[in-house]
Amino acid sequence: MKNPNPMEVELKLALGPTGPSTLLEQPFLNTTSARQQTLANSYFDTPEGDLAKARLAVRLRQVDGIVLLTVKTAGQGGGGLSQRQEWEWQVSGPALDLAALAKLPPFQGELAHALPALAPQLRTDFSRRSWQLTGLATPDATSQGSHIELVLDEGEIISGGYRTPIREVELELKDGDPESLWTLALQLAEQVPLRPSDSSKAARGNALSEQRWLLPEAHSPAEWLHRATLALDAYHDSQQAAFLTGAQAALIQLAEHPALDDSARVFAQALPRALGADGQPTAAYGKAALTLAHRLAYQTALR
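This structure is a prediction, so every number in the text was calculated from the model and none was measured.

Looking at the overall build of the protein
Moving on, step 1. If you tally the helices and strands in the protein, you get 9 helices and 12 strands.
Moving on, step 2. The C-alpha radius of gyration computed for the protein amounts to 19 Å, which stays within 12% of the reference 19 Å derived for 303 residues, consistent with globular compactness.
Moving on, step 3. Judged by the C-alpha coordinates and their principal axes, the protein covers about 55 × 45 × 30 Å.
Moving on, step 4. Looking at the protein as a whole, 54% of its 303 residues qualify as buried.

Below, the structure is given as structure tokens:
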């Protein structure tokens, strides 16, 4: 089994409609060849949604003629950044390896009873282009050897008879300093319309199937940014105007929060103005959101 002591660190960025084409125009991506793949993914849960309630994802992925079984736990982070446990290994066919799943820590307790009832609940099918970027440094030169995998995913989530697009970039730290993720993301935000996203593909699919998007309570600046980010995720998947209104309201609450210092407040105040009327990010929104998220990271439980 791969990853006996796993920890995935990544930054997820949702793209505007022109985001993929603008990303592909960036000169630094032409310095290394992209790997292109087609991924077909099935997510499993019980009919009662026990894994979703535990914020756990079990996925079978078919790619390059093989089948991979993956388990992901809930993340910790915010503003697009997440740190979560992940286990992944190859299996012989399109069926769950229940014996191996039963040995993993997430299934040692109450969730052990859920294993026999697991069945496919949603799909994510998308094309993936990936680049291996090495030798990346942080601004203060504390890391000169970071390795980041940049992936561009384009496709759709299919769940409960509903569909919604996938159009996102993931920056996964393979080796080195997590600060290099922020450095690269801010470099992208200079040119590419993007925004942080705190919703996993599995969480988006579960909400889509139920047609129910829940926003968390917020008190601290990190929590208000997280609420605004989830509200934007919900708006683009549901097309319900109330979520766009909720995102704008959360951004205003964030900008007025007394705990922000003056420099952070400048970025927070820019966010409501920089968000497009259609809820899509401008370059100014992405840069301000990432700068602020960088300061507030690691403070929020993710979906």
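Next comes the rest of the description.
Notes on the pattern of salt bridges
Moving on, step 1. A full pass over the atoms with the stated rule returns 21 salt bridges.
Moving on, step 2. Residues R128 and E170 are paired through a salt bridge, measuring 3.9 Å at the closest nitrogen-oxygen approach. On the criterion of sequence distance, the pair formed by R128 in strand 8 (residues 119-136) and E170 in strand 10 (residues 162-175) is long-range, its members being 42 residues apart. By the burial criterion, R128 is buried, and E170 matches it.
Moving on, step 3. Here R204 and D237 are joined by a salt bridge, their closest N and O atoms 2.8 Å apart. Of the two residues, R204 is situated in helix 5 (residues 201-210) and D237 in helix 6 (residues 221-238); the sequence distance between them amounts to 33 residues.
Moving on, step 4. By relative accessible area, which is 10% here, R204 ends up buried.
Moving on, step 5. Accessibility expressed as a relative area gives 10% for D237, which makes it buried.

What to know about the packing of aromatic side chains
Moving on, step 1. What the rule picks out here adds up to 1 aromatic pair.
Moving on, step 2. Relative to F243, the ring of W213 has its centre 6.2 Å away and its plane inclined at 70 degrees; by these criteria the two rings are edge-to-face. Of this pair, W213 sits in the loop between helix 5 and helix 6 while F243 sits in helix 7 (residues 241-255); the two residues are 30 residues apart in sequence, bridging distant segments of the chain.
Moving on, step 3. Given the relative accessible area of 11%, F243 is considered buried.
Moving on, step 4. Above the ring of F126, the side-chain terminus of K201 is found at 5.0 Å from the ring centroid.

Re helix 7
Moving on, step 1. Its 15 residues place the ends of helix 7 21 Å apart at the C-alpha level, agreeing with the 21 Å of an ideal helix rising 1.5 Å per residue.
Moving on, step 2. Those residues of helix 7 not exposed but buried are F243, L244, A247, A250, L251, L254 and A255. With its buried residues spanning 135 degrees around the axis, helix 7 presents them on a single face. Away from its buried face, by an angle of more than 90 degrees, helix 7 presents the exposed residues A241 and A242.
Moving on, step 3. Contacts made by the buried residues of helix 7 are with helix 6, helix 8 (262-274) and helix 9 (283-296).

As for the pairing of strand 7 (residues 86-91)
Moving on, step 1. The buried fraction of strand 7 is high, at 5 of 6 residues.
Moving on, step 2. Here strand 4 (residues 66-72) runs beside strand 7; their pairing, made up of 6 bridges, is antiparallel. The partner of V67 across the bridge, within strand 7, is V91.

A word on the environment of H294
Moving on, step 1. With respect to the element layout, H294 can be found in helix 9.
Moving on, step 2. Sequence spacing of H294 and M7 is 287 residues, and the spatial spacing of their C-alpha atoms is 20 Å.
Moving on, step 3. The residues contacting H294, other than those within four sequence positions of it, are E179 and W182.
Moving on, step 4. A distance of 2.8 Å separates polar atoms of two side chains, one belonging to H294 and the other to E179.

Rules behind the numbers
Residues numbered from 1 in each chain as written. Predicted model: local features only at pLDDT ≥ 70, side-chain atom pairs only at ≥ 80, totals over all residues. Heavy atoms only, no water. Helix = DSSP H or I, 4+ residues; strand = E, 2+ residues; numbered from the N terminus. Rg over C-alpha atoms; globule rule 2.2 N^0.38 Å. Buried < 20%, exposed > 50% of the residue type's maximum accessible area, 1.4 Å probe, protein only. Salt bridge = Lys/Arg side-chain N within 4 Å of Asp/Glu carboxyl O. Phe/Tyr/Trp six-rings, centres within 6.5 Å; stacked < 30°, edge-to-face > 60°. Lys NZ or Arg CZ within 6 Å of the ring centre and 35° of its normal. Expected span 1.5 Å × (residues − 1). Arc of directions from axis to C-beta. Contact = heavy atoms within 4.5 Å. Pairing = 2+ DSSP bridges. Polar contact = N/O pair within 3.5 Å; in protein donor to acceptor, adjacent residues only side chain to side chain.

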